[in-house]
Amino acid sequence: MSITTPAGFRASGVAAGLKSTGARDVALVVNDGPRHDSASVFTANRCKANPVLWSEEAARDGVVRAIVLNSGGANCYTGPDGFQTTHAVAERVAGHLGIGAVDVVVCSTGLIGLANDRDAVLAGVDAAYAGLAPDRGADAAEAIMTTDSVSKQVVVEGAGWSIGGMAKGAGMLAPQLATMLVVLTTDAVVDAAELDAALRSATRVSFDRLDSDGCMSTNDTVSVMASGASGITPTTDDFTDALTRACTDLAMQLLADAEGAGHEIAITVLGAASEDEAVEVGRSVARSNLFKTAVFGNDPNWGRVLASIGTTGAAFDPADLDVAMNGVWVCRRSTPAEDPAKVDLSGREVSVTIDLKAGPARATVWTNDLTHAYVHENSAYSS
């Protein structure tokens with residue numbers, strides 16, 4: 001089960017010495033065709049890492065033949081020399097494959113301000129090329145991990161075609177697109193324009209609604225490559241549905257591995273005037289440190305939910321809001337309802353349902369609680 005499950009792809013993951021642990025830190029995924037359609041989405045952060053600046057241009061024409069990724073250093077705010085390293089990496093991959101560097105997407109993850117050793121990265125590219133194989137997808141997924149405790153992979157099967165994927169991310173999870181690198185592959189016949197539409201539709205309801213801590217990364221990249229090796233052209237709806245399931249599965253794996261989290265929280269907003277307003281309300285609750293610490297303490301403090309709703313511009317009557325936690329309607333018409341003592345928050349999965357009673361739209365935003373372990377992990381990240 002990996003990015004090389006779809007036909008037409010090879011991958012590898014090697015150790016190049018970028019991580020002090022000696023773990024794998026350079027990954028390479030190659031599309032052997034016969035088609036090389038692609039689509040990518042990148043961070044909305046205006047402060048972008050060198051690989052994002054390079055890859056935005058490389059992916060613009062809808063043709064990507066290889067994706068190279070490194071962990072151990074984000075290559076962000078490392079000056080002109082850092083961009084030259086990104087360019088050199090793309091050139092090295094292209095040289096091995098006999099393609100143009102403009103058809104290579106480059107991704108990096110790790111500490112901002114850390115200049116990757118160019119010679120080490122290039123040596124890692126050489127080793128990754130030498131190790132390419134159809135059964136090395138798991139190695140690639142391992143090589144992109146940073147603070148992740150487990151690698152993240154997914155496969156979704158279609159009718160004679162499939163989608164594979166891998167992701168990294170465990171903190172700074174906030175739109176757009178959550179702090180993550182994601183590579184998706186498919187052997188379906190899907191042209192670049194359709195891939196782009198399907199990817200944006202999929203990320204809109206998956207990665208874009210993952211809001212762990214409200215912090216947006218500089219390196220976020222999600223890329224999908226289509227080899228067409230199955231010879232099968234799925235319907236637009238079937239492919240978009242499968243890609244959405246793959247992205248949602250990976251997003252939930254990211255959430256489950258959020259640094260130090262004790263609870264995964266699904267905040268579903270009903271009765272909104274529009275989907276955007278439902279997302280706005282859900283995100284406001286997801287970003288409330290007071291709410292998140294209450295969940296960490298197994299305290300069903302629904303007043304913190306209402307306080308967060310009130311900071312939004314969504315349509316609702318402040319005197320007529322309903323809130324449920326794990327199925328217990330603790331608040332009806334903005335007043336106490338069922339006994340909060342009935343809410344069991346001892347398990348990892350927590351659901352919060354909010355009814356705004358203002359329209360037909362709904363949306364779900366996912367977050368996690370705020371724990372001592374999260375603070376510890378991120379207080380010492382660079383040291």
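Right above here is the structure, for reference.
Positions within a chain are numbered from 1, following the residues in the order the chain's sequence is written. Confidence filtering applies because this is a predicted model: local features only for residues at pLDDT of at least 70, side-chain atom pairs given and counted only at 80 or more, and all residues used for totals across whole chains, interfaces and linings. With hydrogens and water excluded, all non-hydrogen atoms of the structure serve as input to the side-chain values.

Trainee: An account of the overall build of the protein chain is needed here, citing residue identities and associated values.
Mentor: The numbering of helices and of strands both runs from the N terminus, where a helix is a DSSP run of H or I of at least 4 residues and a strand a run of E of at least 2. Scanning the protein chain from N- to C-terminus turns up 10 helices and 15 strands. Counting only C-alpha atoms and orienting by the principal axes, one finds that the protein chain spans roughly 65 × 50 × 35 Å. Taken across its 383 residues, the protein chain has 56% of its residues classed as buried. Put simply, 80% of the contacts in the protein chain that link residues at least 6 apart link residues at least 24 apart. Accessible surface for the protein chain amounts to roughly 14400 Å². Of this, 51% is attributable to carbon and sulfur atoms. Charged residues are defined here as Lys and Arg on the positive side and Asp and Glu on the negative side; His and the ends of the chain fall outside this count. A charged residue contributes its charge at one atom only: NZ of Lys, CZ of Arg, CG of Asp or CD of Glu. The distance from the centre of the 27 positive side-chain charges to the centre of the 47 negative ones in the protein chain is 2 Å. Each residue gets one of three labels from its accessible area relative to the maximum for its type: buried under 20%, exposed over 50%, partly exposed in between, using a 1.4 Å probe on protein chains only. Residues are treated as being in contact if the distance between any of their heavy atoms lies within 4.5 Å. To measure how exposed things are, a 1.4 Å probe is used in the Shrake-Rupley method; for residues, cover is taken only from the protein chains shown.

Trainee: Explain the packing of aromatic side chains to me, and be specific about the residues and the numbers.
Mentor: Aromatic pairing here means that ring centres of Phe, Tyr or Trp (its six-membered ring) are within 6.5 Å. Orientation follows from the plane angle: under 30 degrees is stacked, over 60 is edge-to-face, and everything else is tilted. Inspection of every chain in the model, using the stated rule, returns two aromatic pairs. Measuring from centroid to centroid gives 5.8 Å for Trp161 and Phe239, while their planes differ by 40°, and the two rings are tilted. With Trp161 in the loop between β6 (152-157) and β7 (162-168) and Phe239 in helix α6 (residues 236-256), this residue pair connects regions lying 78 residues apart in the sequence. With respect to burial, Trp161 and Phe239 carry one shared label: buried.

Trainee: Tell me about the state of the cysteines, and please be specific about residues and values.
Mentor: Any covalent bond linking the sulfur atoms of two cysteines counts as a disulfide. What counts as a disulfide here is a pair of cysteine sulfur atoms lying within 2.5 Å. Taken as a whole, this structure holds zero disulfides when the rule is applied. The closest cysteine sulfur to the non-disulfide-bonded Cys76 is located on Cys47, 7.5 Å from its own sulfur.

Trainee: Give me the lowdown on the packing of helix α5 (residues 192-204) against α6, citing residues and values where you can.
Mentor: Contact geometry for α5 and α6: axes closest at 9 Å, N-to-C directions at 45°. Between α5 and α6, the angle falls in the class oblique. As α5 runs across α6, the sense of the crossing is right-handed. Where α5 abuts α6, its residues Glu194, Leu195, Ala198, Leu199, Ser201 and Ala202 lie against Thr236, Phe239, Thr240, Leu243, Thr244 and Cys247. Helix axes are fitted only over the stretch in contact, all axes being lines through C-alpha atoms; the angle between N-to-C directions runs from 0 to 180 degrees. Each angle gets one of four labels, with under 35 degrees taken as roughly parallel, over 145 as roughly antiparallel, 65 to 115 as roughly perpendicular, and the rest as oblique. Handedness of each helix crossing follows the sense of rotation of the near helix against the far helix: counterclockwise by less than a right angle gives left-handed, clockwise gives right-handed.

Trainee: Can you break down the environment of Leu199 residue by residue, with the values?
Mentor: Within the element layout of this structure, Leu199 appears in helix α5. Taking the relative accessible area as the measure of exposure, Leu199 reaches 0% and is therefore buried. As a C-alpha pair, Leu199 and Thr244 span 45 residues in sequence and 7.8 Å in three-dimensional space. Setting aside its immediate chain neighbours within four residues, Leu199 contacts Ala39, Ser40, Val41, Leu184, Val222, Val224 and Leu243.

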